Amino acid sequence: MPNTTPRPAQPLLSAVVPFLNEADNLPRLIAALEQVLTTLGMAWELVLVDDGSQDSSLAVAKAELQRRPQLQGIVISLSRNFGKEAALTAGLEAAQGDVVVPLDADLQDPPELIGPMLEQWRQGFDVVYAVRRRRAGDSRTKRLTAFGFYRLMGRLSSTPIPADTGDFRLMDRCVVEALGQLPERSRFMKGLFAWVGFRQTAIGYERDARAMGKSGWNYWKLWNFALDGITSFSRVPLQVLSAGGLLVACLALFYGVWMVLRTLLFGIDLPGYASLMTAVLFLGGVQLLGLGVLGEYLGRVFQEVKRRPLYLVRERWQQTTHRMET
């Protein structure tokens, strides 16, 4: 049931855009946001987070804001590439709006959807997330792996995580403040958005291909991203290992009893080398797999206990003051 708390009549909207090497796409994105949000007739700010770009993205972001002196904007440059989840967190922490909309810089998240999202927000929903009905520009392999990952997460996670849903959504200020209370370093934002709860609803859209450039995501990064999601929101792999270990131990016990009985009844025979090697290799493989799974969880515990900052800011530039903060 939607939230019945009165909404501001003229809310400030924060558009949060983390980017990495998006010099070609940023002017198009900012122009599209300006057109859409000006049409909606609302106050808005733009929070741009440079996640260690190696091209001219940072200079382009500043130049685009300077061309629009009427626009309230912040450009945050991180000291290096900390990853999209950290950059998105930096943007959410800097946003001041009554509602906050994170979106990608490649124009695959259409700004035109912000209007319908606002309508749902005004009806009392705290989160309006966008569900992809179509993924244009993605290869068949990527579409299949994404489909499988979201369904797997739905089964493994104790927190229901919407399928086919990225970071593109509209969030009320109360949701953003709740996300700010979550201190973990291994951040799977799609899971955190779901974990905080509040009143949520979905809106469907067809995701277009990138406007320009090439995605920085490769299959190795996607694999690590999937591991972060599974280990952050599910203990099922550990439970499977426990159940598997118990099953193998029971089978070994039964087999040992059978070998003792057979020896007492029929005497000792020559054991088979092939069956012995099969058993040794199978159990060795199971043990190595178990150590690998335990290592993934232990590595994330190690990362958490060091308590390092999630990101470091090299430079912060704000349109309203036109001054540097380091």
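Since we're looking at a predicted model, the values are computed, not measured.

How each quantity is defined
Residues numbered from 1 in each chain as written. Predicted model: local features only at pLDDT ≥ 70, side-chain atom pairs only at ≥ 80, totals over all residues. Heavy atoms only, no water. Helix = DSSP H or I, 4+ residues; strand = E, 2+ residues; numbered from the N terminus. Buried < 20%, exposed > 50% of the residue type's maximum accessible area, 1.4 Å probe, protein only. Contact = heavy atoms within 4.5 Å. Areas by Shrake-Rupley, 256 points an atom, 1.4 Å probe, with all protein chains shown as cover. Salt bridge = Lys/Arg side-chain N within 4 Å of Asp/Glu carboxyl O. Pairing = 2+ DSSP bridges. Axes fitted to C-alpha atoms, helices over the stretch in contact; angles between N-to-C directions. Parallel < 35°, antiparallel > 145°, perpendicular 65-115°, else oblique. Polar contact = N/O pair within 3.5 Å; in protein donor to acceptor, adjacent residues only side chain to side chain. pLDDT = per-residue confidence, 0-100. Phe/Tyr/Trp six-rings, centres within 6.5 Å; stacked < 30°, edge-to-face > 60°. Lys NZ or Arg CZ within 6 Å of the ring centre and 35° of its normal. Left-handed = near helix turned anticlockwise from the far one by under 90°. Nonpolar A, V, L, I, M, F, W, Y, C, P; charged D, E, K, R; others polar.

Asks: Hey, could you run me through the overall build of the chain in this one?
Replies: Helices and strands together make up the secondary structure of the chain, namely 10 helices and 9 strands. When each of the 326 residues of the chain is scored for burial, the buried share is 44%. Looking at the chain alone, contacts between residues at least 24 apart form 84% of all its contacts between residues at least 6 apart. Carbon and sulfur atoms form 61% of the exposed surface of the chain, whose accessible area is close to 17700 Å².

Asks: What is the right way to look at the pattern of salt bridges in this model?
Replies: When the charged atoms of two side chains lie near each other, side chains of opposite charge can form a pair. Counting across every chain of the model gives 8 salt bridges. For Lys 62, the salt bridge identified is with Glu 315, shortest N-O distance 2.2 Å. Of the two residues, Lys 62 is situated in helix α2 (residues 57-66) and Glu 315 in strand β8 (residues 313-318); the sequence distance between them amounts to 253 residues. With respect to burial, Lys 62 and Glu 315 carry one shared label: buried. Between Asp 104 and Lys 84 there is a salt bridge, with the nearest N and O atoms lying 2.8 Å from each other. A residue pair is termed long-range when its members are at least 10 positions apart, and Asp 104 in the loop between β4 (99-102) and α4 (114-122) and Lys 84 in helix α3 (residues 84-94) qualify at 20 residues. Relative accessible area serves as the criterion here: at 24%, Lys 84 is assigned to the partly exposed category. Residues joined in a network through salt bridges with shared partners are Glu 34, Glu 64, Arg 67 and Arg 68.

Asks: Can you help me understand the pairing of strand β3 (residues 72-78) in this one?
Replies: Regular strands place their side chains on alternate faces of the sheet. Within β3, 6 of the 7 residues are buried, which leaves it mostly tucked inside the rest of the structure. Judged from the 6 bridges that link them, strand β2 (residues 44-50) and β3 form a sheet pairing that is parallel. Looking at β3, one finds that Leu 48 is bridged to Val 75. Bridge count for β3 against β8 is 5 bridges, and the pairing is antiparallel. The partner of Ile 76 across the bridge, within β8, is Arg 316.

Asks: Is there a simple way to explain the side chain of Arg 169 in this structure?
Replies: One can find Arg 169 in strand β6 (residues 165-172). When neighbours within four sequence positions are excluded, Arg 169 is seen to be in contact with Val 100, Val 101, Pro 102, Met 117, Val 127, Val 128, Tyr 129 and Phe 193.

Asks: Got a minute to help me understand the packing of helix α1 (residues 26-40) against α4 in this structure?
Replies: Pairs of packed helices are described in terms of their axes, by the angle between the two and the distance that separates them. Relative to each other, α1 and α4 sit at 40 degrees, their axes nearing to 10 Å. It follows from the interaxial angle that α1 and α4 lie oblique. Taken together, the residues of α4 that come into contact with α1 (itself represented by Leu 33, Leu 37 and Leu 40) are Ile 114, Gly 115 and Leu 118.

Asks: Any chance you could explain the side chain of Glu 315 here in plain terms?
Replies: Since its relative accessible area comes to 10%, Glu 315 is described here as buried. At a separation of 2.2 Å, a polar atom in the side chain of Glu 315 contacts the side chain of Lys 62.

Asks: Sorry, what's going on with the confidence of the model for the chain here?
Replies: The predicted structure's coordinates, where accompanied by low pLDDT, should not be read in detail. In the predicted model, the chain carries a mean pLDDT of 76, and the fraction of residues at 70 or more is 71%. When pLDDT is averaged over each element of the chain, β4 comes out on top at 90 and strand β9 (residues 323-325) at the bottom at 41. Across residues 321-326 the pLDDT falls below 50, and counting only partners more than four positions away or on other chains, this stretch makes 11 contacts in the model.

Asks: Which parts of the structure should I look at to understand the packing of aromatic side chains?
Replies: Each aromatic ring pair is summarised here by two numbers: the centre-to-centre distance and the angle between the ring planes. On inspection of all chains with the given rule, the structure shows 1 aromatic pair. For the pair Phe 168 and Tyr 205, a centre-to-centre distance of 5.9 Å together with 80 degrees between the ring planes defines the contact as edge-to-face. Of the two residues, Phe 168 sits in strand β6 while Tyr 205 sits in strand β7 (residues 200-207), which places them 37 residues apart along the sequence. Comparing Phe 168 with Tyr 205, the two get one shared label, buried. It is Arg 80 that lies over the ring of Phe 82; its NZ or CZ is 4.0 Å from the centre.

Asks: Please explain α2 as it appears in this structure.
Replies: In an α-helix, one full turn covers 3.6 residues, which means residues spaced three or four apart are oriented alike. In terms of residue burial, α2 counts as a mostly covered element, since 7 of its 10 residues are buried. The complete set of buried residues in α2 reads Ser 57, Leu 58, Val 60, Ala 61, Lys 62, Glu 64 and Leu 65.

Asks: Would you take a moment to explain the packing of α1 against α2 for this structure?
Replies: Where α1 meets α2, the closest approach of the two axes is 10 Å, and the angle between their N-to-C directions is 30 degrees. If you check the angle between α1 and α2, you find them roughly parallel. Seen from above, α1 lies across α2 with right-handed handedness. The residues of α2 that touch α1, namely those facing Leu 26, Pro 27 and Ile 30, are Ser 57, Val 60, Ala 61 and Glu 64. When the residues that make up the contact of α1 with α2 are grouped by side-chain class, the tally is 5 nonpolar, 1 polar and 1 charged.

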